[in-house]
Amino acid sequence: MIRLLLIIFSCLFVLSSSIGQSNASITVKRYSKVDAGYLMVLRQNDDLFEQLQNFARTEKIPSANFTGMGFVDITFGFFNFETKKYEPRDFKNVELVSMHGTIAWKNDSTSIHAHGVVADKTFQAFGGHILKGKVGTGSAEILITVHDKKFQRKKDESIGADVLSLD
Amino acid sequence: MIRLLLIIFSCLFVLSSSIGQSNASITVKRYSKVDAGYLMVLRQNDDLFEQLQNFARTEKIPSANFTGMGFVDITFGFFNFETKKYEPRDFKNVELVSMHGTIAWKNDSTSIHAHGVVADKTFQAFGGHILKGKVGTGSAEILITVHDKKFQRKKDESIGADVLSLD
Amino acid sequence: MIRLLLIIFSCLFVLSSSIGQSNASITVKRYSKVDAGYLMVLRQNDDLFEQLQNFARTEKIPSANFTGMGFVDITFGFFNFETKKYEPRDFKNVELVSMHGTIAWKNDSTSIHAHGVVADKTFQAFGGHILKGKVGTGSAEILITVHDKKFQRKKDESIGADVLSLD
C-alpha cells in the first residue's frame, strides 16, 4: 500500500516538474533570424542577460545593439562615483516600456550594457542602468542588430567606468 | 439679402472644411521607403495603430519592429491578471518620448503590440502598454524595420496573455 | 632653486593639461562604420548635437534615425503653443535611459530632432524634447541608421511647428 502511494507520488512529482519546465523548455525557440538581425522573444522566468549571452555565444556574434520591451522583474543600479559601486533598486511586475543596449566584449567575455524604462500599474515611469532582469507574467520582445566588428569595453581611468572602445 | 448671406456662409463653411481636411489629406504621404525599411511620419489627428495597420496591409508586410517618437494623446493599459483586462488611463497633449513595437499576426489579422513612454509639461514620465493613440499638435516619426518572416501571436495559456511565436 | 621649481611646475602643468585633454582628444574615434549604419560612442563633455552634426557633415549623411543611451547633463523643452517657445528644464548627472531621434535638413542645414528619457539616482524618470545635452561622467552609445534619401523639415502652418516632410 505504501509502495503504491510512493509510486503515485513519484508520478505526480515527475508530472508537475515537467509542467513547470515546459515554460523554460529548450524546445521553445528564443530567437529567429530576420533580415535586420535577430528577433528574440523571451518567456516567463527567462533571465534577460543570460539569454542574450547564450545567444551571443551560440551565434558567434561579434557585437550588437538591441532594443526591446516586455513585462519584467528588474533591478536598476545607479553608479556612485565615490564608492565606485552601483546602488540597486528592484522593480517587480512592471512593464518594460523601453530597453536599449549593446553586446560587446570585456577581455574574453561577452559584456552586456543596457538601460531600461519600466512602468508600474499607476503608469509612473522609472529608469536606469539594468543590473539584472527576468521576464514576468508575459514576454519580452527584443530586436538585435548585429555588427560585423568586435568591440571591446575598456576602463576609462579618468571616470573610473568602462567605455565602449571603437579602436 | 438673406440669400446673399447664405451663399457667403456656405462658401466660408466649405472653405473651412477643406482647410480642416487638408491636414489629414490622403495626398500627404505618410511613409517613405528607406534602406532600413520605412520612415513613417504621422500628422495631427492620425491614429497610430490605424496608420500602422493600413501601412502593413498596403505594403503586404510579413512582420516588423518599429521605434518612434512624437506628440500625442495616448491611452495606456495595465493588464490585471485577475480580471484578464487592461485598466486604462489617458494622457493628453504629451510628448511621446519613446515607443517600441512589433507588427505581427493574430490569426488572419494584423496585430500591433507597442509600449510607450510619454512626458507632460512638467517633464514627468509615464509609460505603459499602448491601447490607442493619436497624434496631437505635432507629428510622430516612426522607423519601421521589416522582417521577411510572418510571425503569429498565440495565447500562452500558462499566463493568459498573447506571446509572439517564433515557430 | 626658484628656477628649478618653476621648471618642475611647468612640467607638471603641461603633463596635467595633456591628461585633461586626452579625454576630448581628436585622436579618439567617435564613430565606427557597421553593417547597420554607424555606431557612435561619445565621451565625457562631448556635446550630443554638435557631435551628431559633425558626423552628418563629415560622412555626407542624407538623413538618418538614431537611438541611444548614456550618462548626461541634458535640457528638455516643452513647446508652449501660445508663446511658440520651448520652456526648458535642466537635468544634471542623469542616466540617459532612452533616446530616439532623426537627422534631416532645414533649408541647407542639418536639423536634429530628438526625444529622451532620463533617470536620476532615485530612478524616477523624466522625459522630453531634447534642446541640448552633453555627456557626463560616462559615455553615450548611439546607433545611427542612415537613409538614402534627403528629408527636409518644413513648417506646418496649421500647428506652428516643423514636421519632417516625406515629399
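Sequence order sets the numbering: in each chain, residues are counted from 1 along the sequence as written. In the order they appear in the text, chains get letters beginning with A and ligands get numbers beginning with 1. Totals for whole chains, interfaces and linings use every residue, but because this is a predicted model, local features are given only for residues with pLDDT of at least 70 and side-chain atom pairs only at 80 or more, for both listing and counting. Hydrogens and waters are ignored; side-chain quantities use all the structure's heavy atoms.

*Asks:* Go over the interface of chain C and chain A, please, and point to the residues and values.
*Replies:* Note on contacts: a residue pair qualifies if any of its non-hydrogen atoms lie within 4.5 Å across the two residues. Between chain C and chain A, the residue contacts involve 38 residues of the former and 36 residues of the latter. Summed over both sides, the interface between chain C and chain A buries roughly 2900 Å², with carbon and sulfur atoms accounting for 63% of that surface. Among the salt bridges present, the one from E141 of chain C reaches R153 of chain A, with a minimum N-O distance of 3.4 Å. In protein, a polar contact means a hydrogen-donor-capable atom and an acceptor-capable atom, both N or O and within 3.5 Å, with residues adjacent in sequence counting only if both atoms are side-chain atoms; elsewhere, any N or O pair within 3.5 Å suffices. At the junction of chain C with chain A, the criterion picks out twelve residue pairs in polar contact (both at pLDDT 80 or more). If you list the elements that add at least two residues to the side of chain C that touches chain A, you get β1 (31-34), β2 (37-42), β3 (63-80), β4 (85-106), β5 (109-119) and β6 (125-147) of chain C. Going along the chain from the N terminus, every DSSP run of H or I of four or more residues is numbered as a helix, and every run of E of two or more is numbered as a strand. Sort the elements by how many residues they give to the side of chain C that touches chain A and β4 of chain C lands first, with seven residues. Three classes are used: nonpolar for Ala, Val, Leu, Ile, Met, Phe, Trp, Tyr, Cys and Pro, charged for Asp, Glu, Lys and Arg, and polar for all others, with Gly counted as polar. Across the side of chain C that touches chain A, the residue classes break down as 15 nonpolar, 14 polar and nine charged. Each of two parts loses accessible area, computed with a 1.4 Å probe, when they are put together; buried area is these two losses added. One side-chain nitrogen of Lys or Arg within 4 Å of one carboxyl oxygen of Asp or Glu is enough to make a salt bridge.

*Asks:* Residues and numbers for the relation of the copies chain A and chain B, please.
*Replies:* For the pair chain A and chain B, the best superposition has an RMSD of 0.0 Å and corresponds to a rotation of 120° with a translation of 0.0 Å parallel to the axis. Taken together, the rotation and translation relating the two chain copies correspond to the operation of a three-fold axis. Measuring from the rotation axis to each C-alpha of chain A, the shortest distance belongs to A125 of chain A, at 3.1 Å. Little of the interface of chain A is mirrored in chain B: 13% of its interface residues are interface residues there too. The atoms used to superpose the copies are C-alpha atoms, taken from residues with pLDDT of at least 70 in both, and the fit is least squares.

*Asks:* Any chance you could break down the pairing of strand β5 (residues 109-119) of chain A for me, citing the residues and the numbers?
*Replies:* Residues and elements named next belong to chain A. Each residue is assigned to one of three classes by its accessible area relative to the maximum for its type, calculated with a 1.4 Å probe on protein chains only: buried under 20%, partly exposed between the two thresholds, exposed over 50%. The buried fraction of β5 is high, at ten of eleven residues. What makes two strands pair is DSSP finding at least two bridges between them. Summarising the sheet, strand β4 (residues 85-106) and β5 pair through eleven bridges and their orientation is antiparallel. Residue pairing across strands places S98 opposite V117, the latter belonging to β5. Between β4 and β5, which pair antiparallel and follow one another directly, the connecting turn spans two residues, one of which, N107, has a positive phi of 55°.

*Asks:* Outline the interface of chain A and chain B, supporting the account with residue identities and numerical values.
*Replies:* Often, the extent of an interface is quoted as the loss of accessible area on bringing the components together. Counting from both sides, the interface comprises 38 residues of chain A and, opposite them, 35 residues of chain B. Counting each side, the surface lost to burial between chain A and chain B is near 2900 Å², with a carbon and sulfur contribution of 64%. On inspection of chain A and its partner chain B, the count reaches two salt bridges. Note that R43 of chain A and D156 of chain B form a salt bridge whose closest N and O atoms lie 3.5 Å from each other. Summed over the shared surface of chain A and chain B, the result is 13 residue pairs in polar contact (both at pLDDT 80 or more). Counting residues per element, the side of chain A that touches chain B draws most heavily on β4 of chain A, at seven residues. Of the residues assigned to the side of chain A that touches chain B, the class counts are 15 nonpolar, 14 polar and nine charged.

*Asks:* Explain the side chain of R30 of chain A to me, using residue names and the numbers behind them.
*Replies:* Residue and element names in this part refer to chain A. Position of R30 relative to the elements: it lies in the loop between α1 (2-22) and β1 (31-34). On the basis of relative accessible area, R30 is assigned to the buried category, the value being 9%. From its side chain, R30 meets the backbone oxygen of V28 in a polar contact 3.1 Å long.

*Asks:* Can you explain unusual backbone geometry? Please cite residues and give values.
*Replies:* Residue and element names in this part refer to chain A. Its identity as a non-glycine residue notwithstanding, N45 has a phi of 75°, on the positive side. Assignment of secondary structure puts N45 in the loop between β2 (37-42) and α2 (48-58). At K60, a position not held by glycine, the phi torsion is positive, near 50°. Structurally, K60 can be placed in the loop between α2 and β3 (63-80). Assessed through its relative accessible area of 70%, K60 is described here as exposed.

*Asks:* So what's going on with the pairing of strand β6 (residues 125-147) of chain A? Which residues, and what values?
*Replies:* All names here are of chain A. Within β6, 18 of the 23 residues are buried, leaving the element largely enclosed by the surrounding structure. Sheet analysis places β2 next to β6, joined by five bridges and oriented antiparallel. Residue pairing for β6: L42 is matched across the bridge by A140. In this structure, β3 lies alongside β6, joined through 14 bridges in antiparallel fashion. Counted as the bridge partner of I74 is G133 from β6. As paired strands, β5 and β6 are joined by five bridges and run antiparallel to one another.

*Asks:* Tell me about the environment of P62 of chain A, and please be specific about residues and values.
*Replies:* All names here are of chain A. In this fold, P62 is placed in the loop between α2 and β3. Linking P62 and K149, residues 87 residues apart in sequence, is a C-alpha distance of 5.7 Å. Contacts of P62, omitting those with residues within four sequence positions, involve W105, V146, H147, D148, K149, K150 and F151.

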